Amino acid sequence: MGTALAPAYANCFLHSLEDDLFDMRIAPQSPLPVLFKRYIDDILFIWTGDEKQMVEFTEEYNKLSPTIKVNWNINKFRN
């Protein structure tokens, strides 16, 4: 089960990693998600760039920590 503080600690840890990712991407003018929301271990983001850039973003996210890997499910919505 874990301790009562485990979810809060995990949330703070992931938030600090995500801050680093967004700071790294702002400098070279790399595209960012239009919306990025995470609730504990679920992430929702909306991407308006091309698919190659989105895959690069998800790969960068998975390189933030050697112990945390995120499985991405991609849904494409077209008009």
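Structural data are supplied above this passage.
Since the structure is predicted, the reported quantities are computational estimates derived from the model, not experimental observations.

Reading the values: the criteria
- Residues numbered from 1 in each chain as written.
- Predicted model: local features only at pLDDT ≥ 70, side-chain atom pairs only at ≥ 80, totals over all residues.
- Heavy atoms only, no water.
- Helix = DSSP H or I, 4+ residues; strand = E, 2+ residues; numbered from the N terminus.
- Buried < 20%, exposed > 50% of the residue type's maximum accessible area, 1.4 Å probe, protein only.
- Pairing = 2+ DSSP bridges.
- Core = buried A, V, L, I, M, F, W, Y, C linked by side-chain atoms within 4.5 Å.
- Contact = heavy atoms within 4.5 Å.
- Expected span 1.5 Å × (residues − 1).
- Arc of directions from axis to C-beta.

**Describing the environment of Lys63**
Looking at the element boundaries, Lys63 is found in the segment after helix H2 (51-62). Classification of Lys63 by relative accessible area gives exposed; the value is 68%. For the pair formed by Lys63 and Leu21, sequence separation is 42 residues and the distance between their alpha carbons is 9.6 Å.

**Description of the pairing of strand E2 (residues 42-46)**
The two faces of a sheet get side chains in turn, since along a regular strand they alternate between them. For strand E1 (residues 35-39) and E2, the ladder comprises five bridges, and the chain directions are antiparallel. In the strand pairing of E2, Leu35 is matched with Ile46. In sequence, E1 turns back onto E2 through a hairpin of two residues, with Ile40 there showing a positive phi of about 55°.

**As for the nonpolar core**
Generally speaking, a soluble globular protein has its nonpolar side chains buried in company with each other. Ranked by size, the top nonpolar core spans 10 residues in total: Leu14, Leu17, Leu21, Phe22, Phe36, Phe45, Trp47, Met54, Phe57 and Tyr61. Taken together, the elements giving at least two residues each to this core come down to helix H1 (6-26) and H2. Top element by residues in this core is H1. It accounts for four residues. Contacts of Leu21, omitting those with residues within four sequence positions, involve Phe57, Glu60, Tyr61 and Leu64.

**A closer look at H2**
The terminal C-alpha atoms of H2 lie 17 Å apart, and with 12 residues this matches the ideal 16 Å at 1.5 Å per residue to within 8%. Listing the buried residues of H2 in full gives Met54, Phe57, Thr58, Tyr61 and Asn62. Projected down its long axis, H2 carries its buried residues within an arc of 135°, all on one side. Tucked inside the fold, the buried residues of H2 contact H1, E1 and E2.

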